[in-house]
Amino acid sequence: MKNVLKKFMCGALSVAMFAGASAGVSTPVQAKSSSKGEVYYLNFKPEADKQWKELAKLYTKKTGVKVTVLTAASGQYESTLKSEMAKKKMPTLFQVNGPVGLASWKDYCYDLSGSKIAKQLTSKDYALMDGDKMAGIGYVTESYGLIVNKKLLKKAGYSVSDIKSYDSLKKVAEDITKHKKKLGFSAFTSAGMDKSSDWRFKTHLANLPIYYEYKQDGISNTDAIKGTYLDNYRNLWDLYINNATCKPTQLSSKIGDDATAEFVTNKAVFYQNGTWAYNDIKDIGDENLDMIPIYFGVDDKNEGLCTGTENYWCVNSKASQEDIDATLDFMNWCVTSKTGLKALCGGDKAMPSGKDGMGFNIPFKKNLKSSNYLVNCAAKYDKKGKAPVTWNFTTMPSEEWKNGVGSALTTYAAKQTDENWNKVVSAFVDGWKTEAAATKDSE
């Protein structure tokens, strides 16, 4: 998914530093490593594939430790992980999305308690626990909401300050649609329901009714969701699909790249996505960008952006001790060395090759200041004291549940009847109960 995913940067690493390293000058990177093991990282984030592979090659060159990176296709991480774990050469470093993902892989998780990287965490809240065992470590925190093209919004006669609630968002969106031909753009990008895009709605948008139900009931998980706020979910989905760049009947064929292109080419004002999308849209200029909450019509006055993580690093306990040790060394190097930090946190030309860094906000002590403008947009809501919408989608019972909701949303979009919305409700509520029970039975 898209992926979750993905707050902080610095300048590019100088060529002189590498020249100095080869000349014997002291650098954060050892010329050789005492480890005899290898690292095999199954990466969750397609948008960071090139950076991880470059970082792996650099680490291998500097330490002699072989690092292999395989990146799963968008929406295919779990199936790829299952396939790779069935092979003789399994990943030594992989990811789970939280408690639900951990339930399937906890027997493969090495206890990270007391490890060097665990000591680098800024808060124990980013440790994924299995009883007393630290089964995973969150390595990036991200925010998502509605990314706004302020230039187009101004052309439509509005500013970000005019949008403070679901009702005001609806007013602006429908007014843009009313004058769409004259303006030359739409309110929302296409809500594509292809695998490369549907996670934005069957997972990220679906997080909102879960968040508010959990909040109302004072819980953090459940085997039986009630669907208390599914009417709000419907209202927002209706707003998206009826005020977009394409007809609702076309959503099944729209992909993630379509939405990105529509936003970048000034075809739409609003684009639901997160801080991880910055590199894809930054060409329109920071001065034209902003990000606002996905106002849900429940507690709009206090609502902030959706902030959290579904990216937990886990080390494969089934690997050899040499490979485990090598993997732990690599992880720690990534979050403590200048090279690793710039690659993870950096923006423009932060990679040693001169390419852009990953632009992550990392929950470790040496996290760098961000030059990802969307990250800074997200930070202002914290400063205002707005309540971040927590990432409760990590408690969704299964990928099958998400797929059921996504399929029902697509059917409803093509024909927006109460009967078809009831199918969404059934997939959400009945599907949750069924999949939660199935997950427990399989443990």
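Structural data are supplied above this passage.
Residues numbered from 1 in each chain as written. Predicted model: local features only at pLDDT ≥ 70, side-chain atom pairs only at ≥ 80, totals over all residues. Heavy atoms only, no water.

Asker: Tell me about the overall build of the protein chain, and please be specific about residues and values.
Answerer: When its secondary structure is counted, the protein chain shows 17 helices and 12 strands. Here the protein chain has a C-alpha radius of gyration of 22 Å; the compact-globule value for 443 residues is 22 Å, and the two agree. When its C-alpha atoms are laid out on the principal axes, the protein chain stretches across 65 × 50 × 40 Å. Of the accessible surface of the protein chain, which amounts to about 18,600 Å², a share of 49% is contributed by carbon and sulfur atoms. When the 60 basic and 50 acidic side-chain charges of the protein chain are each reduced to a single mean position, those positions are 6 Å apart. (Helix = DSSP H or I, 4+ residues; strand = E, 2+ residues; numbered from the N terminus. Rg over C-alpha atoms; globule rule 2.2 N^0.38 Å. Areas by Shrake-Rupley, 256 points an atom, 1.4 Å probe, with all protein chains shown as cover. Lys, Arg positive; Asp, Glu negative; His and termini not counted. Charge placed at Lys NZ, Arg CZ, Asp CG, Glu CD.)

Asker: Can you explain the packing of helix H10 (residues 230-242) against helix H16 (residues 399-414)? Please cite residues and give values.
Answerer: The axes of two packed helices give the description: the angle between them and the distance between them. Where H10 meets H16, the closest approach of the two axes is 11 Å, and the angle between their N-to-C directions is 55°. Taken together, the axes of H10 and H16 lie oblique to each other. Here H10 and H16 pass one another in a crossing that is right-handed. Across the interface between the two elements, Tyr233, Arg234, Trp237, Asp238 and Ile241 of H10 pack against Val405, Leu409, Tyr412 and Ala413 of H16. Per-class residue counts for the contact of H10 with H16 are seven nonpolar, no polar and two charged. (Axes fitted to C-alpha atoms, helices over the stretch in contact; angles between N-to-C directions. Parallel < 35°, antiparallel > 145°, perpendicular 65-115°, else oblique. Left-handed = near helix turned anticlockwise from the far one by under 90°. Contact = heavy atoms within 4.5 Å. Nonpolar A, V, L, I, M, F, W, Y, C, P; charged D, E, K, R; others polar.)

Asker: Which residues make up the environment of Lys282, and what are the values?
Answerer: Residue placement: Lys282 occurs in the loop between helix H12 (278-281) and strand E9 (289-292). Sequence separation between Lys282 and Val264 is 18 residues; the distance between their C-alpha atoms is 8.2 Å. Contacts of Lys282, omitting those with residues within four sequence positions, involve Asp348 and Asp356.

Asker: Would you mind going over the pattern of salt bridges in detail, with residue names and values included?
Answerer: Using the criterion set out here, one finds 15 salt bridges in the structure. Among the salt bridges present, the one from Lys45 reaches Glu142, with a minimum N-O distance of 2.7 Å. On the criterion of sequence distance, the pair formed by Lys45 in the loop between strand E1 (39-43) and helix H2 (49-63) and Glu142 in strand E6 (residues 142-149) is long-range, its members being 97 residues apart. No difference in accessibility class separates Lys45 from Glu142, as the two residues are buried. (Salt bridge = Lys/Arg side-chain N within 4 Å of Asp/Glu carboxyl O. Buried < 20%, exposed > 50% of the residue type's maximum accessible area, 1.4 Å probe, protein only.)

Asker: Report on the packing of aromatic side chains, specifying residues and quantitative values.
Answerer: With the rule as written, the count across this model stands at 31 aromatic pairs. With a centroid separation of 5.4 Å and an interplanar angle of 70°, the aromatic rings of Phe44 and Tyr77 are classed as edge-to-face. You can see Phe44 sitting in the loop between E1 and H2 and its partner Tyr77 sitting in helix H3 (residues 77-85), a full 33 residues away along the chain. With a relative accessible area of 6%, Tyr77 lands in the buried category. Here the aromatic rings of Tyr233 and Trp421 are separated by 6.0 Å at their centres, their planes lie at 65°, and the arrangement is edge-to-face. One end of the pair, Tyr233, is in helix H10; the other, Trp421, is in helix H17 (residues 418-442), and 188 residues separate them in sequence. An aromatic cluster is defined as three or more aromatic residues linked by ring pairs; in this entry it consists of Tyr41, Trp52, Tyr59, Tyr139, Trp313, Phe330, Trp333 and Phe360. Lys318 extends its terminal NZ or CZ atom over the ring of Tyr108, reaching a point 5.4 Å from the ring centre. Over the face of the ring belonging to Tyr381 we find Lys384, whose NZ or CZ atom lies 5.5 Å from the ring centre. (Phe/Tyr/Trp six-rings, centres within 6.5 Å; stacked < 30°, edge-to-face > 60°. Lys NZ or Arg CZ within 6 Å of the ring centre and 35° of its normal.)

Asker: Go over the pairing of E1, please, and point to the residues and values.
Answerer: Taken across its five residues, E1 has five buried, putting it largely inside the fold. On E1, burial covers both faces: Val39, Tyr41 and Asn43 on one face and Tyr40 and Leu42 on the other are all buried. Since E1 and strand E2 (residues 67-71) lie parallel, the crossover through H2 that links them has a hand, and here it is right-handed. (Right-handed = clockwise from strand over helix to strand, strands pointing away.)

Asker: Describe the environment of Lys119, naming the residues involved and giving the relevant values.
Answerer: With respect to the helices and strands, Lys119 occurs in the loop between helix H4 (99-105) and strand E4 (127-130). Looking at Lys119, the relative accessible area reads 55%, which means it is exposed. Considered as a pair, Lys119 and Phe364 are 245 residues apart in the sequence and their alpha carbons are 8.8 Å apart. Once residues within four sequence positions are removed from consideration, Lys119 is found in contact with Gly114 and Lys365.

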